[in-house]
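Overview (structure and organization)
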Amino acid sequence: MTSFDARPSPRIVFGAGRLAELPECVATLGVSKLLLVTDPGIVAAGHVGRATGYLEAAGLSVTVFQGTHVNPSESDIEACRSFATELQPDAIIGLGGGSSMDTAKGCNFLLHNPGRMSDYRGYGLAKNAMLPFIAIPTTAGTGSECQSYAVVSRDGSHEKMACGDPKALAKIAILDPELTVSQPQPVATLTALDALSHALESAVCTKRNPISSAYSAEAFRLIASAIRPVLAGSAGPDTRGRMLLGAAMAGSAIENSMLGAAHATANPLTARFDVAHGHAVSLMLPHVVRLNSADPAAAAIYDGLARTLGEPLLPWLEETIALAGLDTPVIDPATIPDLAADAARQWTGRFNPVPLRDPEITSLYHSSFAAAAAP
Ligand SMILES: [Fe+2]
């Protein structure tokens, strides 16, 4: 066995209606002046009003920052940091999707550490303390609530920077399936596909270890049991709960290992053609599974996941993605050399079980675009 360091998980508070326990969660951290980071959609859905209502009823002070934008940039983080500097909270709550989590985490990096987010690209570069952070996801997908990374776009470009630090990990994640009811169907679809890709990529990546593999396997079991009703818009409370917990556990799997070729090849599709992250990953994932099946150890792991399903993995995966009914993006194959050059620079690709060189990347794009163009 190879050596590894397991990373901690937040305290997970899971269950329908458990947002009501937010004041008790805050009390365990010994804090009382809270900054809640969210976006206007989550305010409109009523979740922010419920959270602040519970906190204020318990005599706690909470101030809302609702300036989160999709795919937050360095400037977005700076706006939140400046708001927080004025307020001087003693803890931060992120309530919303991945963008709210990333904005809250990014603000936490910069509140007591100098510079910009680009100074913290990588892992463990923040010298000063961060505030206790409580993550409350309203989407079931990114798994950001269980990760110590903030993903932030560099100002003036689409380049995404992963800025990680053990101090940025949430102390508590409240997983309340009632909060995911408000997700618009396109969000539920794309985040579900992303979560599925997290379980599958972390399961076989070269940084996998016994801890991450346990998270990946259980994440896959939960997500596989829930994803088709979620894609169909027919998921009931129990199914939504399995999806939410599966997405969080896939986040813990990434925290303890890495991703792989589907993310490495999807990110350039998002950067160059604005294909939404979950969509881009779903376009690449079956082709990556086919490629990785050439690696005997990865193939054995896929076989284990197929036993969980009770049917072969790849056909199930292709059928599941087809059920999402996503429109095929029109991408000129002449752009493949540029996409491949971008993909080769993606950090996540280095951890794919089959080494990713130009021929493999080019072939992945060709097979994905050919499949998408097929009638
Ligand atoms: Fe992802």
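Residues numbered from 1 in each chain as written. Predicted model: local features only at pLDDT ≥ 70, side-chain atom pairs only at ≥ 80, totals over all residues. Heavy atoms only, no water.

Examining the coordination of the iron ion
- Donor atoms from the polypeptide that bind the iron ion are D194 (OD), H198 (NE2), H263 (NE2) and H277 (NE2), placed at 2.1 to 2.2 Å.
- Around the iron ion, the four donor atoms sit at angles spanning 82 to 166 degrees, and that spread fits a shape best called irregular.
- Look at where the donors of the iron ion fall in the sequence and you get D-x3-H-x64-H-x13-H. Highlighted residues: H263 in helix α9 (residues 261–273) and H277 in helix α10 (residues 277–292), separated in sequence by 14 residues.
- On the basis of relative accessibility, which here comes to 4%, the residue H263 falls in the buried class. (Donors = N, O, S within 2.8 Å, 3.2 Å for Na, K, Ca; no water. Tetrahedral: all angles 85-135°; square planar, octahedral: opposite > 155°, others 65-115°. Helix = DSSP H or I, 4+ residues; strand = E, 2+ residues; numbered from the N terminus. Buried < 20%, exposed > 50% of the residue type's maximum accessible area, 1.4 Å probe, protein only.)

Examining the domain arrangement of the protein
- Entries for the protein in the domain assignment read domain 1 (11–179) and domain 2 (184–373).
- A separation of 26 Å is found between the C-alpha centroids of domain 1 and domain 2.
- Between domain 1 and domain 2, roughly 1500 Å² of surface is buried when both sides are summed, and carbon and sulfur atoms account for 65% of that area.
- Counting the contacts that link domain 1 with domain 2 gives zero salt bridges.
- Where domain 1 touches domain 2, the interface holds two residue pairs in polar contact (both at pLDDT 80 or more).
- Residues belonging to the side of domain 1 that touches domain 2 are distributed by class as follows: eight nonpolar, seven polar and two charged. (Domains from an automatic or database assignment. Buried area = accessible area lost by both parts, 1.4 Å probe. Salt bridge = Lys/Arg side-chain N within 4 Å of Asp/Glu carboxyl O. Polar contact = N/O pair within 3.5 Å; in protein donor to acceptor, adjacent residues only side chain to side chain. Nonpolar A, V, L, I, M, F, W, Y, C, P; charged D, E, K, R; others polar.)

Some details on the pattern of salt bridges
- By the definition in use, this model includes 15 salt bridges.
- Across the pair E159 and R121 runs a salt bridge, and its minimum N-O distance is 2.6 Å. Placement of E159 in the loop between β7 (149–153) and β8 (160–164) and of R121 in the loop between α5 (98–111) and β5 (122–123) is noted, with a sequence separation of 38 residues between them.
- On the basis of relative accessibility, which here comes to 33%, the residue E159 falls in the partly exposed class.
- On the accessibility criterion, R121 (35% relative accessible area) is partly exposed.
- Between E159 and R154 there is a salt bridge, and its shortest N-O distance comes to 3.0 Å.
- The class of R154 is partly exposed, set by a relative accessible area of 31%.
- Linked through salt bridges whose partners overlap, the residues forming this network are E74, R116 and D155.

Structural notes on the state of the cysteines
- One pass over the full model with this rule turns up zero disulfides.
- With no disulfide of its own, C80 lies 3.8 Å from the sulfur of C107, the closest cysteine sulfur.
- We note that C146 lacks a disulfide partner, and the nearest cysteine sulfur, in C25, lies 14 Å from it.
- What makes C146 buried here is its relative accessible area of 1%. (Disulfide = S-S within 2.5 Å.)

Digging into the side chain of D194
- Mapped onto the fold, D194 is located in helix α6 (residues 185–204).
- At 2.8 Å, the side chain of D194 forms a polar contact with the side chain of H198.
- Look past the residues within four positions of D194 in its chain and what remains in contact with it is G141, T142, H263, H277, G278 and V281. (Contact = heavy atoms within 4.5 Å.)

Quick look at the sheet that holds β5
- The three strands are arranged β5-β8-β7 in an open sheet whose pairing can be described as mixed. Edge positions in the sheet fall to β5 and β7, since each of these pairs with one other strand and no more.
- Alignment of β7 against β8, held across five bridges, turns out to be antiparallel. What sits directly across from S153, in β8, is K160. (Pairing = 2+ DSSP bridges.)

Details of the sheet that holds strand β6 (residues 133–137)
- In spatial order, the strands read β1-β9-β6-β4-β2-β3; together these six strands make up an open sheet with parallel pairing. In the strand order of this sheet, the two ends are held by β1 (11–14) and β3 (61–65), each with one partner. Ignoring which end each strand starts from, the neighbouring axes of this sheet average 20 degrees apart.
- Taken together, the two bridges between β6 and strand β9 (residues 172–175) define a ladder with parallel strand orientation. Paired with I134 across the two strands is I172, which belongs to β9.
- Along the sheet, helix α3 (residues 47–57) contacts β2 (33–37), β3 and β4 (91–96); its crossing angle with β3, the most-contacted strand, is approximately 160 degrees.
- Packing against the sheet, helix α8 (residues 237–256) makes contact with β1, β6 and β9, and its axis sits at approximately 155 degrees to β9. (Axes fitted to C-alpha atoms, helices over the stretch in contact; angles between N-to-C directions.)

Re the packing of α9 against α10
- In contact at an axis separation of 8 Å, α9 and α10 are set at 140 degrees when each is read in the N-to-C sense. Looking at the two axes, α9 sits oblique to α10. Relative to α10, α9 is oriented so that their crossing is right-handed. Contacts between α9 and α10 involve A261, A262, H263, T265, A266, N267, L269 and T270 on the former and, on the latter, H277, A280, V281, L283, M284, L285 and V288.
- Partitioning the contact of α9 with α10 into residue classes produces 10 nonpolar, five polar and no charged. (Parallel < 35°, antiparallel > 145°, perpendicular 65-115°, else oblique. Left-handed = near helix turned anticlockwise from the far one by under 90°.)

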